[in-house]
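Chain by chain, the residues run as shown.
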Amino acid sequence: MFYFLDFVGTIAFTMSGALTAMSKKLDPFGVFIIAFVTAVGGGTLRDVMIGRTPVGWMLDLNYVYVIFLGFVLSIIFRKKFDRLRTSLFLFDTVGLGVFTLIGLEKGINIGLHPVICIALGTITACFGGVIRDILCNDIPVIFRREIYATICILGGMLFFMLREFNLDKDILYITTSIFIIVIRLMAVKFKWYLPTLEPK
Amino acid sequence: MFYFLDFVGTIAFTMSGALTAMSKKLDPFGVFIIAFVTAVGGGTLRDVMIGRTPVGWMLDLNYVYVIFLGFVLSIIFRKKFDRLRTSLFLFDTVGLGVFTLIGLEKGINIGLHPVICIALGTITACFGGVIRDILCNDIPVIFRREIYATICILGGMLFFMLREFNLDKDILYITTSIFIIVIRLMAVKFKWYLPTLEPK
Amino acid sequence: MFYFLDFVGTIAFTMSGALTAMSKKLDPFGVFIIAFVTAVGGGTLRDVMIGRTPVGWMLDLNYVYVIFLGFVLSIIFRKKFDRLRTSLFLFDTVGLGVFTLIGLEKGINIGLHPVICIALGTITACFGGVIRDILCNDIPVIFRREIYATICILGGMLFFMLREFNLDKDILYITTSIFIIVIRLMAVKFKWYLPTLEPK
């Protein structure tokens, strides 16, 4: 189940990368690389920083297949992205929830402090998009609008609070994922955002 | 003492990151991430390249607290940065000296060649700022003006020359740090810079 | 022989980095860093992702010397780059062939799947240039034109096909390298490129 949702998130992130790259008029190889990096970038950065190498996607070819599928779908449906925007947004939100939990779990497995685990969850969920935007020469979108990463941090905090109650692991995971997904949906629906801070 | 100065440098680098991010009108989360990355980016890159994982800040929460403090101070004093510019510059210069030595030491500890140790010192001191500028979509400032990184290299060379004399370790560290700090102050005061090289 | 070609590729990549940095009017230190990163960036990224640390260039000072040589040559001949363009292009193409094979080999050595090995070959050959372009604040050139990275992937596929025939290792390496070099020369001569994909 969790593994299945991981692939849903991976496909959504792949397609978000491919879409961004195509709008920059890159060639198909460039589109593929940026799609790939968007999907695996956050997890790769996390794995490299905690010393879990070779990094995840190198040891499980299913990621490569899923990303290739997402890339092909992006090319086929590239004229219809406007109509697909809602589905893609839902996929992306599932990815956000699932990737945050995967990052949290990797940190817990090697005994890191909860604060660091939350950082790892946020990195896993958000830095694929950060690397995508750097490669496309934009200031990363998550630094500019929507409370995207902030939700990962809140979700991570909820996770560690609920964990104190010795809940069943599955319930803990499902509750946190649903919390992240619901808050994200509400944030976009009601246009929640953080005020910008300007010097002077 | 050295540990204390490490935090002075970390706070200065945090504030330099926060200031840059605020001037780009990022939201508070974006400001926090860029402040964080500016402070720990150089050390993280060094640790990842020498295989010292999980990277430093994941194992010592004090860095997270100090960065959070620097972030809060940046927000409180954001209207007064002009007046604080001199203090910030002094902090930053202390950071430059201390971070260079930390990088040198990590390289020596795992038996790398002095040339590589100097590279590690320079990476530790300068690449937080490089990553900050990439995330903010600028060409890194250290590539464009001031002899910032060049001073780290000179400091590293001095370190290995003095080391031949079997000086006490503390004296060696203090001398090199002060050298880096003084040269940096002089470089800015007397506007020393390297000429640009242009093809054709 | 292979080691010698590795240095030819390293020098060519160094000079391509130095040239790009000089055209952005960076100072000499900035030029050196970008030249260095262009030469070792792909291999560093590969080593970090497979956990082969400290990364390659830290353990073999010859890389540092070769890069320094390439940097000095770039400065001396910076007014003559137009006339040197053909030689540089040939060097760069040799680098592409050799670096792809080095990446493939590292992946095979630690028992990764051929698909992942091909990814490692492509990363080794292409990501130095990607990091160069990011540091210079451009969208990476390999995502925009020429079938640069695509050739690494084709070369990697040929390598694994030929490997089935139990060829002598030297013949396998030479054949693949020559294939990559010839295809690249033809691609540039006949202006082969991939069509861009645009949404809507």
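In this text, all values refer to a predicted model and were calculated from it rather than measured experimentally.

**Quick notes on the overall build of chain A**
When helices and strands are counted, chain A shows eight helices and zero strands. Ordered by position from N to C terminus, the α and β elements of chain A give α-α-α-α-α-α-α-α. Against the compact-globule benchmark of 16 Å for 200 residues, chain A has a radius of gyration of 17 Å, which places it among compact chains. Projected onto its principal axes, the C-alpha positions of chain A cover 50 × 45 × 35 Å. Long-range contacts, defined here as pairs at least 24 residues apart, represent 71% of the contacts in chain A between residues at least 6 apart. Roughly 8,600 Å² of accessible area belongs to chain A as shown, and the carbon and sulfur atoms make up 67% of that amount. Computed over 19 positive and 14 negative side-chain charges, the inter-centroid distance for chain A is 9 Å.

**Comments concerning the relation of the copies chain C and chain A**
Structural alignment of chain C on chain A gives an RMSD of 0.0 Å, achieved by rotating through 120 degrees and translating 0.0 Å along the axis. Read as a symmetry element, the transformation amounts to a three-fold axis. An asymmetric contact is evident, with only 9% of the interface residues of chain C recurring at the interface of chain A.

**Quick word on the UniProt feature "domain: Glycine transporter" (unreviewed entry) in chain A**
Those residues carrying the UniProt feature "domain: Glycine transporter" (unreviewed entry) are residues 4-78 and 90-163 of chain A in this numbering. The span residues 4-78 of chain A carries 84% helix and 0% strand; its end-to-end C-alpha distance comes to 25 Å.

**Side note on a nonpolar patch on the surface**
A cluster of nonpolar side chains, contributed by Ile 174, Ile 178, Val 182, Met 186, Phe 190 and Trp 192 of chain A, occupies part of the molecular surface with about 550 Å² of accessible area. Along the chain, Ile 174 of chain A falls in helix α8 (residues 169-189).

**Section: the UniProt feature "transmembrane region" (unreviewed entry) in chain A**
Feature annotation in UniProt places "transmembrane region" (unreviewed entry) on residues 6-22, 29-45, 57-76, 88-104, 110-135, 147-165 and 171-190 of chain A, given in this structure's numbering. Secondary structure within residues 147-165 of chain A divides into 84% helix and 0% strand; the distance between the first and last C-alpha atoms comes to 28 Å.

**Regarding the packing of helix α2 (residues 28-50) of chain A against helix α6 (residues 114-135) of chain A**
All names here are of chain A. Viewed as axis vectors pointing N to C, α2 and α6 meet at an angle of 135 degrees, and their least axial separation amounts to 7 Å. Comparing their axes, α6 and α2 come out oblique. In terms of crossing hand, the pair formed by α2 and α6 is right-handed. On α6, the residues that touch Ile 34, Val 37, Thr 38, Gly 41, Gly 42, Gly 43, Leu 45, Arg 46, Met 49 and Ile 50 of α2 are Leu 120, Ile 123, Thr 124, Phe 127, Gly 128, Gly 129, Ile 131, Arg 132 and Leu 135. Tallied by class, the residues present in the contact of α2 with α6 amount to ten nonpolar, seven polar and two charged.

**What about the pattern of salt bridges?**
All names here are of chain C. Using the criterion set out here, one finds 18 salt bridges over all chains in the structure. Across the pair Asp 92 and Arg 184 runs a salt bridge, and its minimum N-O distance is 3.1 Å. A residue pair is termed long-range when its members are at least 10 positions apart, and Asp 92 in helix α5 (residues 81-109) and Arg 184 in helix α8 (residues 169-189) qualify at 92 residues. The closest approach of N and O atoms between Arg 132 and Asp 133, which form a salt bridge, is 3.0 Å.

Reading the values: the criteria
Within every chain, residues take consecutive numbers counted from 1 along the sequence as written. Key to labels: chains lettered from A, ligands numbered from 1, both in the order written. pLDDT decides what is reported in this predicted model: residues at 70 or higher carry local features, side-chain atom pairs at 80 or more are listed and counted, and totals for whole chains, interfaces and linings draw on all residues regardless. Water and hydrogen atoms were dropped before computing side-chain values, which therefore reflect all heavy atoms in the structure. Helix numbers and strand numbers start at the N terminus; a helix is a DSSP run of H or I with at least 4 residues, a strand a run of E with at least 2. Our radius of gyration is a C-alpha quantity, and the globule rule it is checked against amounts to 2.2 Å times the number of residues to the power 0.38. We call two residues in contact when some of their heavy atoms are within 4.5 Å. Residue-level accessible areas treat just the shown protein chains as cover; the underlying method is Shrake-Rupley with a 1.4 Å probe. Asp and Glu are treated as the negative residues and Lys and Arg as the positive ones, with His and the ends of the chain left uncounted. In plain terms, the charge of a residue is placed at NZ if it is Lys, CZ if Arg, CG if Asp and CD if Glu. Here the copies are superposed with least squares, the fitted atoms being C-alpha atoms of residues at a pLDDT of at least 70 in both. UniProt positions are given in the numbering used here, feature names are shortened, and annotations may be inferred rather than shown by experiment. What goes into a patch is any residue over 30% in relative accessible area without a salt bridge, connected to like charges within 9 Å or, for nonpolar side chains (Val, Leu, Ile, Met, Phe, Trp, Tyr), within 5 Å. Should a side-chain nitrogen of Lys or Arg be within 4 Å of a carboxyl oxygen of Asp or Glu, the pair is scored as a salt bridge. Between N-to-C directions, angles cover 0 to 180 degrees, with each direction set by a line fitted to C-alpha atoms, over the stretch in contact for helices. When describing relative orientation, an angle under 35 degrees is termed roughly parallel and one over 145 degrees roughly antiparallel, while 65 to 115 degrees is termed roughly perpendicular and anything else oblique. For a crossing to be left-handed, the near helix must be turned anticlockwise from the far one by less than a right angle; the clockwise case is right-handed. Amino acid classes used here: Ala, Val, Leu, Ile, Met, Phe, Trp, Tyr, Cys and Pro are nonpolar; Asp, Glu, Lys and Arg are charged; the rest, including Gly, are polar.

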